[in-house]
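Spelled out, the chains give:
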Amino acid sequence: MIQCTTTTTKGTRCRHPLMVWHGIGPHPGVCARHATPEQNAASTAALDLPLNVATADPAAPFPGVSITPQRLIVEHPSGWVAKIRGTNKKYVYARTFLDHSTKPPYGWLIPGNGLYECREIGPYGKFSCFFVVKGVFRRRVELVTPEQAARMARRMGPKPSE
């Protein structure tokens, strides 16, 4: 079902594509034109839930986002990802920004172990987090809180900005 199921005033089906749904529960089966204000507000309900870093799965922390040890994959290419190299007087963190791919799967290649920050990625640019890539043979990803990330960056020491 990829078309609206609403019947128009002429008695025919609407046939517009369904509205984008990141809500909690089943899709209402209508297009953006026929959605009620309540349905429009509910369409982004899952995006507004706070992320619990302790229990979130890095493989799917947010709708449309997946973080693996090799790549951060997003359905909607927006925002940025950077590797944090340490602290900096001017910008708080010394960052090296990563280039994103222009072909599917959209996202950023993760070059190696370390602390990373992603901002304004995912649907409507609503997802931001810090994560750490660890390990040699069995690399793994762990989500960290901003306080933990700040502590880790201070331990790395001051670095010049790029």
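Residues numbered from 1 in each chain as written. Predicted model: local features only at pLDDT ≥ 70, side-chain atom pairs only at ≥ 80, totals over all residues. Heavy atoms only, no water.

Asks: Go over the sheet that holds strand β6 (residues 107–109), please, and point to the residues and values.
Replies: One open sheet holds the 4 strands; their spatial order is β1-β2-β6-β5, and the pairing between them is antiparallel. The two strands at the open ends of the sheet, each matched to only one other strand, are β1 (65–67) and β5 (100–101). Pairing of strand β2 (residues 71–74) with β6, which is carried by 3 bridges, proceeds in the antiparallel orientation. Within β6, the position partnered with Arg-71 by the bridge is Leu-109. (Pairing = 2+ DSSP bridges. Helix = DSSP H or I, 4+ residues; strand = E, 2+ residues; numbered from the N terminus.)

Asks: Tell me about the packing of aromatic side chains, and name the residues and values.
Replies: Tallying each qualifying case throughout the model produces 4 aromatic pairs. For the pair Phe-62 and Phe-127, a centre-to-centre distance of 5.0 Å together with 25° between the ring planes defines the contact as stacked. Here Phe-62 is found in the loop between α1 (37–42) and β1, whereas its partner Phe-127 is found in strand β8 (residues 127–134), with 65 residues between them in sequence. On the accessibility criterion, Phe-62 (10% relative accessible area) is buried. (Phe/Tyr/Trp six-rings, centres within 6.5 Å; stacked < 30°, edge-to-face > 60°. Buried < 20%, exposed > 50% of the residue type's maximum accessible area, 1.4 Å probe, protein only.)

Asks: How would you explain helix α2 (residues 146–156) if you had to name every residue and give the values?
Replies: Taken residue by residue, α2 has Ala-149, Ala-150 and Ala-153 as its buried positions. An end-on view of α2 places all buried positions within 100° of arc, on one side of the element. Of the residues in α2, the exposed ones pointing more than 90 degrees away from the buried face are Glu-147, Arg-154 and Arg-155. Buried positions along α2 lie against β3 (80–88), β4 (92–97), β7 (114–121), β8 and β9 (140–144). Once α2 finishes, Gly-157 follows within two positions and takes phi at roughly 95°, a positive value. (Arc of directions from axis to C-beta. Contact = heavy atoms within 4.5 Å.)

The quantities given are spatial measurements derived from coordinates; they are silent on function.
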